[in-house]
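Spelled out, the chains give:
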Amino acid sequence: RYPKPLLVFDFGTATTLSVIDGKGAYRGGMIMPGLRLAVEALSDRAAQLPHIDLEAPGRIIGTNTVDCMNSGAIYGSAAMLDGVIERVEAELEEPAAAVVATGGLISKVAPYCRHKITIEDDLMLWGLKIIYEKNKG
């Protein structure tokens, strides 16, 4: 469905990355704390920090606690994705032909990434369909 090399991010409880090289081989990936999990842990462990709804503030430099937390969560996650993409491309020694992401919070982060990220809400269903079609009798 997508050209290779392909990077696939899943923004769930954990943020995971799967790397498919230019020959179509699975090379491995990464597991990082999920965005919601990280923000909840921050709020739970720091007595002065509130629980927040994840919304990108108008500016990257926050001027109050909630805006600062939202900025760190949204823009920080976008910078993390951009940095991971660049480092994986360097290790593969070729640029990613496609970067695809799925999961509940990716739509809040992807617009702030510098790399083009295709959001595919139904990625799991597409994969299950392919498996089904290959295995039906």
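Quick caveat: nothing in here was measured; it's all calculated off a predicted structure.

Colleague: Could you give me a rundown of the pairing of strand 3 (residues 26-33), with the residues and numbers involved?
Modeller: The side chains of a regular strand alternate, residue by residue, between the two faces of the sheet. Pairing of strand 2 (residues 14-20) with strand 3, which is carried by seven bridges, proceeds in the antiparallel orientation. Within strand 3, the position partnered with I20 by the bridge is Y26. What sits between the antiparallel neighbours strand 2 and strand 3 is a turn of five residues, in which G24 has the positive phi angle 90°.

Colleague: I'd like to hear about the pairing of strand 1 (residues 6-11), residue by residue, with values.
Modeller: Of all six residues making up strand 1, five are buried, and the element is well covered by its neighbours. Both strand 1 and strand 2 contribute to a ladder of six bridges, which runs antiparallel. Pairing of V8 across the sheet is with S18, part of strand 2. As paired strands, strand 1 and strand 4 (residues 98-102) are joined by five bridges and run parallel to one another. Among the inter-strand pairings, F9 is bridged to a residue of strand 4, identified as A101.

About the thresholds
Residues numbered from 1 in each chain as written. Predicted model: local features only at pLDDT ≥ 70, side-chain atom pairs only at ≥ 80, totals over all residues. Heavy atoms only, no water. Pairing = 2+ DSSP bridges. Helix = DSSP H or I, 4+ residues; strand = E, 2+ residues; numbered from the N terminus. Buried < 20%, exposed > 50% of the residue type's maximum accessible area, 1.4 Å probe, protein only.

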